[in-house]
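Notes for the structure review
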Amino acid sequence: MNEILSPAGTIESFYAAIANGCDAIYLGLDKFNARAYANNFTVESLKDLVSFAHLRSVKIYVTMNTIAYDYELDEIYKTIDELAKIHIDALIIQDLAILNYVTNNYESLEAHASTQMGIDDLDGATLLKELGVKRIVFARETPVSTMKEVKEKLNIEIEAFIHGALCVAYSGNCLMSSMIGERSGNRGRCAGCCRQPYSLINLDDNKVVKTGYLLSMKDLNVSSKIDDLSFVDSLKIEGRMKEPNYVASVTNYYRKLVDKENPNKDILKKVFNRTYTEGFMNGETSSTITNIERPNNYGFPIGKVVKINNNKIWIRLTDTLNKGDQLRIESPNIFDEISIPVTKIFNANFKEVECESKIAIVQLNKKVNLGATVYKTKDIKFVNEANDSLKNSEYKKLPLDLEFVAKIGKNPLLIAIYEGIQVQVSNDFVVQNALNRAITSENIETQLSKLNDTPYKASSLKLDIDQNIFISLKVLNELRRDAIEKINLIRLDRPLIYHTPKKIIPIKHEQHEPIITAQVSNDEQFNVVKELGIKHIYYKNIVRRNNETYIEPTDEILFGGLGAINHYKNTAVKLISDYSLNVSNHISAGILSSLGVDRVTLSQEINKENINKLVSNYIDEFDTFPNLELIVYGRATAMHSKYCPLKRLDMCGECKKHSYALKDKFATFPLFFNNDCTIQILNSKTLNIMDDLSNLNGVNYYRLVFTTESPSEVKEITTSFINKLEGKNIKLFDPNKNTRGHFIKNPL
């Protein structure tokens, strides 16, 4: 049966998920998780919660899915050890160093590959299974057919998102928040840049094509496709930043759906949503997958404005309106939010009422149009019902079989059985002949069945008792409590099983004078850098992260996703890992090298100090130099996305005729269109750290990345950098056009 995996950003959401039927919960600590702005948990606070969940047969997965710097590794390892001791079930991981620590040290703690790792094919899943991963959380763009193929061929656990917010960029491959707001999504501090308004600009004539929330994805909802996911081990609900009543409602809906209990379909329209999509995973395209009108709760239509008079509007209703609801009224200007709390309702006779289903009159001090659609964004009755479910601690009680033996002159005996676990409890009380009123079978059954504050229910109760006996109710209560305590202790007694760690053995390398590499985007740029003597050029030998296909083997391949390591492992190809693997510590670099990667490109979110620390630790740990590459010039890819705004606007193919950019109120971000119809949103400023490389140790290759540059600009930049490395005292940084990115300071 599919596991229902629910989010918990607060303790209230934790209990809400369990009360509404989840099989597992994923949550984060106050550090090292990709939702830093949720309330989150501490190891200490988790201890009792893990026991509470385990006694209800609910698993706990802790997200540790951020990138890690060298100075953090010791604390991370210590935290993992503490989590292992309180018997969490799994860690959800992005960074290879964290993954290695778990799989290399623990048998009793599972490693799940986060969607942040970008796994979307058989090759990537194969590699991670070999590295000890027990479950793959696939990239949200991964087709259902691909996931099914992986399941059939690898027999590894599969986890897929089924409901909630979607990232427009490939997860783990979005630097936009980091680049423009210094808040890294890879560090759990995404600023939500994709939910902001942008204008699509034709750069050839500098005209605005369209303004709107051009990057705002609809929310995922695969409820109509749930049977197609029967092979998926874990169905994941997004929402660690959502309210407890959202967690309760969505969990309950999918619980009933999976259990074939026909849930009320109105539930999903009443919870927070940005309108729904079935996602790239189910074949939707860029044409339908975003809601460019608004980035927040859309609500559902309940009527239209049919009359306006002074500060009141008349609404012809198609659904019931209740006092306490929240309304949104359609506006000609999509940026004008007309939202009102319903504090008073009048019917057509101007009588104040608590609810109305035909004509409602409500107060409004904003201008609206006659005929405007009215949406309900908060249904107070639904919210109250959802909140009531939070008061329960159980969804379904666990069946407990009880047998009670009471013989005159002997101690009473209570036997409790749960799923093969059997306990027996007794006490010093001696069963006696009743002098006055004997205890009845009904009395005994009532007392022993009082399991209200436990996860159990008495599914059967057998009595083997003499006639006319006396046993105090206190004794029965003590026996019941002792039996429950004993069975709980057995169920919570989980061994901590360790592995004997294996050493990481990277390829031996020597440090040498830095060599310039170049990444280019067209034939003209390629010819320029080749004529200037650049030996290592990345052009048609690039396999981006989340590429749909792999290229034929060549001398060198720059790759962005882990699947390439497995795909090319039996070839003579020299592999160079790209920035998109987010390497930010020496262990991750060493692991990639041990897997056959020749050069490791560092993350674009690591500063000079941490690079030097990485190199120093690498040498100390592995007794060899790393073979590192660093991007020193070029427009950073702020987002790499399967979504194309041109296709959304019915402009597919226009990318071959014109150049485009997205513009917000601060900057302009050029769009780069790939041959596979994915896009790259480039940073508004160009990374340039060519003046800042002194006192940087252990980097063997410096990369220049050319995207929008003309051949003359490519020549000038490359020549200048060659001269710079040869010792000429020239300044290459232009503060008006360039940025140093995070080379001086790490993002938050």
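Here, the structure is the one placed above.
Note that the structure is a prediction, hence the values are computed from the model and not measured.

The next subject is the pattern of salt bridges. Summed over all chains, the structure comprises 36 salt bridges. Residue Lys-31 pairs with Glu-75 through a salt bridge whose shortest N-O separation is 2.9 Å. In this pair, Lys-31 sits in the loop between strand 2 (24–28) and helix 2 (43–54) while Glu-75 sits in helix 3 (residues 73–85), placing the two residues 44 residues apart along the sequence. Residue class for Lys-31 comes out partly exposed when judged on its relative accessible area of 42%. Of the charged contacts, one joins Lys-260 and Asp-227 as a salt bridge, the two residues approaching to 2.8 Å between their closest N and O atoms. Of this pair, Lys-260 sits in the loop between helix 8 (244–258) and helix 9 (266–270) while Asp-227 sits in the loop between strand 10 (219–221) and strand 11 (234–237); the two residues are 33 residues apart in sequence, bridging distant segments of the chain. Within this structure, Glu-556, Asp-578, Asp-598, Arg-599, Glu-629 and Arg-703 form a network of salt bridges that share partners.

Our focus in this paragraph is the nonpolar core. Counting 167 residues, the largest nonpolar core has Phe-14 and Leu-630 as its most contacted members. Leu-55, Leu-398, Ile-469 and Val-475 belong to the second largest nonpolar core, which has 26 residues in total.

This paragraph deals with the sheet that holds strand 23 (residues 398–406). Adjacent strands of a sheet pair through backbone hydrogen bonds, lying either parallel or antiparallel. Strand order in the open sheet formed by four strands is 25-24-23-27, with mixed pairing between adjacent strands. The open sheet has two edge strands, strand 25 (421–426) and strand 27 (456–465), and neither has a second partner. Strand-to-strand twist across the sheet, computed as the mean angle between neighbouring axes with direction ignored, equals 20°. Two elements, strand 24 (residues 413–418) and strand 25, share six bridges in a ladder whose sense is antiparallel. Among the inter-strand pairings, Leu-413 is bridged to a residue of strand 25, identified as Ser-426. Here helix 11 (residues 441–448) sits on the sheet and contacts strand 23, strand 24 and strand 27; the angle it forms with strand 27, its principal contact strand, is near 150°.

Time to look at the pairing of strand 5 (residues 110–113). Residues in a regular strand project their side chains so that they alternate between the two faces of the sheet. Bridge count for strand 4 (residues 90–93) against strand 5 is four bridges, and the pairing is parallel. Residue pairing in the sheet places Ile-92 in a bridge with His-112 of strand 5. As for the winding sense of the linkage, the β-α-β connection from strand 4 through helix 4 (residues 96–105) to strand 5 is right-handed. As paired strands, strand 5 and strand 6 (residues 135–137) are joined by two bridges and run parallel to one another. Directly across from His-112, in strand 6, lies its bridge partner Arg-135. Where the polypeptide runs from strand 5 across helix 5 (residues 122–130) and back to strand 6, its parallel neighbour, the crossover connection is right-handed.

Overall, the coordinates contain 18 aromatic pairs when judged by the stated rule. For the pair Phe-14 and Phe-52, a centre-to-centre distance of 6.4 Å together with 50° between the ring planes defines the contact as tilted. One end of the pair, Phe-14, is in helix 1 (residues 11–19); the other, Phe-52, is in helix 2, with 38 residues separating them in the sequence. Between Tyr-106 and Tyr-498 the ring centres are 5.3 Å apart and the planes differ by 35°, which places this aromatic pair in the tilted class. In this pair, Tyr-106 is assigned in the loop between helix 4 and strand 5 and Tyr-498 in the loop between helix 12 (473–492) and strand 29 (515–519), connecting sequence segments 392 residues apart. These aromatic residues form a ring-pair network of at least three members: Phe-14, Tyr-15 and Phe-52. Lying over the aromatic face of Trp-314, Lys-307 brings its terminal NZ or CZ to 4.5 Å of the ring centre.

Strand order in this open sheet of six strands is 9-8-37-38-39-36, and the pairing throughout is antiparallel. Both outer strands of the open sheet, strand 9 (207–212) and strand 36 (637–641), are each paired with one neighbouring strand and no more. With direction set aside, neighbouring strand axes in the sheet form an average angle of 25°. Relative to strand 39 (residues 679–682), strand 38 (residues 668–673) runs antiparallel, the two sharing three bridges. Bridging across to strand 39, Phe-673 finds its partner in Ile-679.

Reading guide: rules and limits
- Residues numbered from 1 in each chain as written.
- Predicted model: local features only at pLDDT ≥ 70, side-chain atom pairs only at ≥ 80, totals over all residues.
- Heavy atoms only, no water.
- Salt bridge = Lys/Arg side-chain N within 4 Å of Asp/Glu carboxyl O.
- Helix = DSSP H or I, 4+ residues; strand = E, 2+ residues; numbered from the N terminus.
- Buried < 20%, exposed > 50% of the residue type's maximum accessible area, 1.4 Å probe, protein only.
- Core = buried A, V, L, I, M, F, W, Y, C linked by side-chain atoms within 4.5 Å.
- Pairing = 2+ DSSP bridges.
- Axes fitted to C-alpha atoms, helices over the stretch in contact; angles between N-to-C directions.
- Contact = heavy atoms within 4.5 Å.
- Right-handed = clockwise from strand over helix to strand, strands pointing away.
- Phe/Tyr/Trp six-rings, centres within 6.5 Å; stacked < 30°, edge-to-face > 60°.
- Lys NZ or Arg CZ within 6 Å of the ring centre and 35° of its normal.

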